[in-house]
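Descriptive analysis of the structure
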Amino acid sequence: MLNAVQRLDTARETNCTPEMYEQLYRRSVEDPDGFWLEQAKRLEWVTPPTKGGDWSYDPVGIEWFADGTLNLCHNAVDRHVEAGRGDATALIFEPDDPATPGRSLTYAELRGEVVRMANALKAIGVKRGDRVTIYMPMIVEGVLAMLACARLGAIHSVVFGGFSPEALAGRIEGCASRFVVTADEGLRGSKRVPLKANVDAALAEPDHDTPIDGMLVVRHTGTEVTMTEGRDHWYHELASDEECPCEPMGAEDPLFILYTSGSTGKPKGVVHTTGGYGVWTATTFSYVFDYRPGEVFWCTADIGWITGHSYIAYGPLLNGATQVVFEGVPNYPDHGRFWDVVDKHQVNFLYTAPTAIRALMREGDAFVTSRNRSSLRLLGTVGEPINPEAWRWYFDVVGEKRCPIVDTWWQTETGGVMITTLPNAHDMKPGSAGKPFFGIRPQLVDNDGAVLEGATEGNLCITHSWPGQARTVYGDHERFEQTYFSTYKGKYFTGDGCKRDEDGYYWITGRVDDVINVSGHRMGTAEVESALVSHAKVSEAAVVGYPHDIKGQGIYCYVTLNAGEEGSDALYAELRGHVRKEIGPIASPDHIQFTDGLPKTRSGKIMRRILRKIAENDYGSLGDTSTLADPSLVDRLIEGRQNR
Ligand code: PRX
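Treat the numbers as computed from the prediction; the structure is a model and nothing was measured.

With respect to the overall build of the chain
Within the chain one finds 19 helices and 33 strands. In summary, the chain has a C-alpha radius of gyration of 24 Å against a globular reference of 26 Å for 644 residues, a match within 12%. Principal axes of the C-alpha set define a box for the chain whose edges measure 75 × 65 × 55 Å. For the chain, the proportion of its 644 residues judged to be buried stands at 59%. Taking contacts inside the chain between residues at least 6 apart in sequence as the whole, the part at least 24 apart equals 72%.

Here you go:
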């Protein structure tokens, strides 16, 4: 099975043949500046750039197209209207409840709505360079808020609507954001998410100091919310149609901040800039999906994640594409919802996460085969490794063996797709992301940093910069350098393990650091640990990932309690609830094991390797446990695991 090649019987004419890929890839690495200045012409610049990349990984400083100026909202919206494509459909909104009427906006209408949102932001005082926190459901106004920030030159920081008030507060504070855009409530699978109330709770957090100058609240469900006089404003009351020109921005001016988890500490605010990110998302969208005008694209991600930034808000719109914006979830009202949406809107491209595919696969084929999916032309996955069984089901059942699959590997920090097959240019191998995108130079190294050649397995680094690369961590460039460029000096280290086969295909094996990937959501084990130890009864906690059939990885927590406390079912439930409250429901522990100690070396370092093996029920290969301060603990941990 491994390394099996999947070819399509009916390849359609494509924008990139195998020969073109080879030729373009060669050019992109031999003459990156020439190649990317050429690709930069996909965008309309106020001042076209004459410079390509100017970067160093030691010390770390990255610039692309530095002497160019442009506005990405203009490129995503106005430009298409000015070019006479104002009547083309931009967004098709599909609400959570299929019985609720949806909404569809042409590019001309989108322009009108973005102007209204930008004017509302201006009315609360937003100016160029300000950070604006966007905490929204998956509705059109979320996308509008992002584009409106870009129009004004403000920096958006979107926080996933599933994060708790505590997590939101940290992200508002982290970039000293004085403005918030939210909605009264969100809807997900008929459940209501109290977004406005969460923002109020976040702002009431004791460690929240930044004063909020203004908040826009979008009326969505119509529920009653508390509005603070002078601070909170209904969006519809401030929206206006006055002219609102696009602010010309330097290519290296920040476009957005997006918080993401790492091995240690609090989530980092990764910064992406205007020109490079724009060129990268526009180019990758065009090649990876081979999109043609009039086709309907659907990325099921939330705008709270990088996938929603790059392949909802920017990539498709920069290409003038028509796309679905989906508020709901795959299993509501039933497990056929995705396929209902595909049929209703004649979706040609579906881009989703392996966890959703596995969850739907478990429900059987009938939910799929009872719906018409003849409009589908290409399928994509992102966010975590896809197991070959799920890949096959996606290919055979969902795509009826007609649709190529692109398994796209990338990260928040990379801005857009980095490793993938291109439809029809490459054979596919189920479970392998494929080949490097143009300009991407992957390298596998061993733990000592020695470069590994040929078919091998190692730690995945990228040796040369690309336009979509994150430039820094907001307010902490040293942390940026430390996190990504210090493990293997002079290289960008992805944190992923990876195999390369004899055909030069890359197979991502998952994170090799203390980051876990739960249902495609990236999480630092340290964040869950610090949530657990903030509970009054907990003394210490160690959190590891373990293989989970649907989620990819589950969250396994080892917890020691303060003297006098006993582990019980009630405390188990209390701790789960506590983590949900501190971080959000996506961080709910799957297992909590109470233990009288954690395996530590004599110098006090927790031996996570042992905890991972025990969580995986793999006791045969625990390795050397003789360096433990208390070797007998291992047997007690195993016994505790078996009783769980
Ligand atoms: O481990 C890799 C996994 O997701 C991580 C990045 O997570 P995040 O920044 O949240 O971005 C996710 C969406 C781009 C990576 O370090 N990952 C992402 N895509 C794949 C993947 N693992 C295997 N195959 C993929 N296609």
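Describing the sheet that holds strand S23 (residues 442-445)
Reading across from one edge, S24-S23-S25-S27-S28 is the order of the 5 strands in this open sheet, with antiparallel pairing throughout. Looking at the sheet topology across the chains shown, the edges are occupied by strand S24 (451-452) and strand S28 (506-511). As paired elements, strand S25 (residues 456-462) and strand S27 (residues 492-500) share 6 bridges and run antiparallel to each other. For Ile462, the partnering residue across the bridge sits in S27 and is Tyr492.

Observations regarding unusual backbone geometry
That bond from Asp58 to Pro59 is cis: its omega, 0°, falls within 30 degrees of zero. If you trace the backbone, Pro59 turns up in the loop between strand S1 (53-57) and strand S2 (60-64). The residue Gln346 is not glycine, and still its phi comes out positive at about 50°. Considering the arrangement of structural elements, one finds Gln346 in the loop between helix H11 (337-344) and strand S18 (349-352). Residue Gln346 is classed as partly exposed on the basis of its relative accessible area, which comes to 41%. The backbone phi angle of Glu400 is positive, close to 50°, even though this residue is not glycine.

Regarding the layout of surface pockets
Rolled over the atoms, a probe sized like a water molecule indicates the empty space that remains. Size it by volume and the second largest pocket reaches roughly 680 Å³. What lines the second largest pocket is a set of 27 residues, and nearest its centre among them are Glu166, Ala167, Gly170, Lys266 and Pro267. Contributions of two or more residues to the lining of the second largest pocket are made by helix H6 (165-174), strand S15 (268-273) and helix H16 (525-533). Per-element tally for the lining of the second largest pocket: the top contributor is H6, with 7 residues. Looking at the lining of the second largest pocket residue by residue, the classes come out as 9 nonpolar, 7 polar and 11 charged. Here the lining of the second largest pocket spans two domains, and each of domain 1 (18-499) and domain 2 (519-640) adds at least three residues to it.

A closer look at the UniProt feature "modified residue: N6-acetyllysine" (unreviewed entry) in the chain
As annotated by UniProt and renumbered to match this structure, "modified residue: N6-acetyllysine" (unreviewed entry) occupies Lys605. Look past the residues within four positions of Lys605 in its chain and what remains in contact with it is Pro599 and Lys600.

Here's the deal with the sheet that holds strand S17 (residues 322-326)
What the 7 strands build is an open sheet, ordered S5-S4-S17-S16-S18-S19-S20; its pairing is mixed. In the strand order of this sheet, the two ends are held by strand S5 (103-106) and strand S20 (405-408), each with one partner. The average angle at which neighbouring strand axes cross in this sheet is 20°, direction not considered. Pairing of strand S4 (residues 89-94) with S5 involves 4 bridges; the strand directions are antiparallel. Within S5, the residue paired with Phe93 across the bridge is Arg103.

What to know about the site of the ligand
Around the ligand, 17 residues are found, and the nearest of them are Asp407, Thr412, Asp496, Arg511 and Arg522. Pro385 places a polar main-chain atom, nitrogen or oxygen, 3.4 Å from a nitrogen atom of the ligand. Between the ligand and the protein, one listed contact pairs an oxygen atom with a side-chain N or O atom of Gln411 at 2.9 Å. Relative to its unbound accessible surface of 540 Å², the ligand loses 96% to contact with the protein.

Side note on the packing of aromatic side chains
This model, assessed by the stated rule, comprises 43 aromatic pairs. Here Phe338 and Trp339 contribute two aromatic rings whose centre-to-centre distance is 5.9 Å and whose plane-to-plane angle is 85°, an arrangement assigned as edge-to-face. Assigned by exposure class, Phe338 and Trp339 land together as buried. Judged by centre distance (5.1 Å) and plane angle (85°), the ring pair of Tyr488 and Phe493 falls under edge-to-face. An aromatic cluster is defined as three or more aromatic residues linked by ring pairs; in this entry it consists of Tyr21, Tyr25, Phe35, Trp36, Trp280, Tyr287, Phe437 and Phe438. Lying over the aromatic face of Phe163, Arg171 brings its terminal NZ or CZ to 4.2 Å of the ring centre.

Thoughts on the pattern of salt bridges
Applying the stated rule across the entire model yields 45 salt bridges. Of the charged contacts in the structure, one is a salt bridge between Arg402 and Glu400, with a shortest N-O distance of 3.1 Å. Overlapping salt bridges bring together Asp78, Arg111, Arg151 and Glu243 as one network.

Remarks on the UniProt feature "domain: AMP-binding enzyme C-terminal" (unreviewed entry) in the chain
Here the UniProt-annotated "domain: AMP-binding enzyme C-terminal" (unreviewed entry) positions come out as residues 527-605. Taken end to end, residues 527-605 is 27% helix and 32% strand, and its first and last C-alpha atoms sit 18 Å apart.

Observations concerning the nonpolar core
Formed by 154 residues in total, the largest nonpolar core has its most connected members in Leu110, Phe289, Tyr314 and Phe438. Top contributing element to this core by residue count: helix H5 (residues 140-152), with 10 residues. Counting contributing residues per domain, this core is built from domain 1 (18-499) and domain 2 (519-640), each supplying no fewer than three. Phe438 has contacts with Cys16, Tyr21, Leu24, Tyr25, Ser28, Phe35, Trp36, Trp280, Tyr287 and Leu422, leaving out every residue within four places of it along the chain.

Regarding the domain arrangement of the chain
When the domains of the chain are assigned, the result is domain 1 (18-499) and domain 2 (519-640). Measuring from the centre of the C-alpha atoms in domain 1 to the corresponding centre in domain 2 gives 32 Å. Residue-level contacts link 24 residues of domain 1 with 19 residues of domain 2. In total, about 1500 Å² of surface goes out of reach between domain 1 and domain 2, with carbon and sulfur atoms giving 48% of it. For domain 1, the biggest contributors to the area lost against domain 2 are Glu166, Ser261 and Arg358; these three give 30% of the whole. For the interface between domain 1 and domain 2, the tally reads 2 salt bridges. Between Glu166 and Lys581 there is a salt bridge; the shortest N-O distance is 3.0 Å. For the pair domain 1 and domain 2, the number of links is 11 residue pairs in polar contact (both at pLDDT 80 or more).

Rules behind the numbers
Residues numbered from 1 in each chain as written. Predicted model: local features only at pLDDT ≥ 70, side-chain atom pairs only at ≥ 80, totals over all residues. Heavy atoms only, no water. Helix = DSSP H or I, 4+ residues; strand = E, 2+ residues; numbered from the N terminus. Rg over C-alpha atoms; globule rule 2.2 N^0.38 Å. Buried < 20%, exposed > 50% of the residue type's maximum accessible area, 1.4 Å probe, protein only. Contact = heavy atoms within 4.5 Å. Pairing = 2+ DSSP bridges. 1 Å grid on protein atoms, 1.4 Å probe; cavity = no way out; pocket = protein on both sides within 12 Å on 5 of 7 lines; lining within 4 Å. Points joined across faces, edges and corners; volume = space filled by probe spheres on them. Nonpolar A, V, L, I, M, F, W, Y, C, P; charged D, E, K, R; others polar. Domains from an automatic or database assignment. UniProt positions renumbered as here; feature names shortened; annotations may be inferred. Axes fitted to C-alpha atoms, helices over the stretch in contact; angles between N-to-C directions. Near = heavy atom within 4 Å. Polar contact = N/O pair within 3.5 Å; in protein donor to acceptor, adjacent residues only side chain to side chain. Areas by Shrake-Rupley, 256 points an atom, 1.4 Å probe, with all protein chains shown as cover. Phe/Tyr/Trp six-rings, centres within 6.5 Å; stacked < 30°, edge-to-face > 60°. Lys NZ or Arg CZ within 6 Å of the ring centre and 35° of its normal. Salt bridge = Lys/Arg side-chain N within 4 Å of Asp/Glu carboxyl O. Core = buried A, V, L, I, M, F, W, Y, C linked by side-chain atoms within 4.5 Å. Buried area = accessible area lost by both parts, 1.4 Å probe.

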